[in-house]
Amino acid sequence: VQLVESGGGLVQAGGSLRLSCAASGRPFSTYSMGWFRQAPGKERELVAAIWSIATRYADSARGRFTIFRDNAKNTVYLQMTSLKPEDTAVYYCAASLKVGIIPRASEYEYWGQGTQVTVSS
């Protein structure tokens, strides 16, 4: 499985961005997917995860971010709104063939290269 993220960039606080993660391989619909982020000097942390129609969000993301997938396009998205400077990080997409929502980074088998999100104050 290959994962390619896109959509990162520089945005002002309060703005929005949509990250995309295109996956190769089949069947995409069975993958458990996650978005993680890693800021300088910090550990990689879960932002949001999705499996089938189930979703899970970090407390910092709940109410502002939405994870969703388009299985026909083999793509998972992270819609981010009301962005804050503390959201600045490299955002990674991850995939696993395990069943269910997967909150831990160590349990994902596949990772994208990451996309930088910078939120200015």
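What you see is a predicted model; the values in this text were computed from it and never measured.

A. Inspection of the overall build of the protein chain at higher detail. What the protein chain contains, in helices and strands, is zero helices and 11 strands. Its helices and strands in sequence order give the protein chain the pattern β-β-β-β-β-β-β-β-β-β-β, from N to C terminus. Taking 2.2 N^0.38 as the reference for a compact globule, 121 residues should give roughly 14 Å; the C-alpha atoms of the protein chain span a radius of gyration of 13 Å, in line with that estimate. Seen through its principal axes, the protein chain has C-alpha atoms that stretch 40 × 25 × 25 Å. Across the 121 residues that make up the protein chain, the buried fraction comes to 44%. When contacts within the protein chain are restricted to residue pairs at least 6 apart in sequence, long-range pairs at least 24 apart make up 59% of them.

B. Layout of the packing of aromatic side chains. Per the stated rule, a full pass over the model turns up six aromatic pairs. Their ring planes at 80° and their centres at 5.3 Å tell us that F36 and Y108 sit as a pair that is edge-to-face. Of this pair, F36 sits in strand 4 (residues 32-38) while Y108 sits in the loop between strand 9 (89-96) and strand 10 (110-111); the two residues are 72 residues apart in sequence, bridging distant segments of the chain. Y108 matches F36 in its accessibility class, with the two residues each being buried. Seen in terms of ring centroids, F68 and Y77 are 4.9 Å apart; in terms of plane orientation they differ by 20°. Their pairing is stacked. Look at F68 and you get partly exposed, because its relative accessible area is 29%. A relative accessible area of 13% places Y77 in the buried class.

What counts as what
- Residues numbered from 1 in each chain as written.
- Predicted model: local features only at pLDDT ≥ 70, side-chain atom pairs only at ≥ 80, totals over all residues.
- Heavy atoms only, no water.
- Helix = DSSP H or I, 4+ residues; strand = E, 2+ residues; numbered from the N terminus.
- Rg over C-alpha atoms; globule rule 2.2 N^0.38 Å.
- Buried < 20%, exposed > 50% of the residue type's maximum accessible area, 1.4 Å probe, protein only.
- Contact = heavy atoms within 4.5 Å.
- Phe/Tyr/Trp six-rings, centres within 6.5 Å; stacked < 30°, edge-to-face > 60°.

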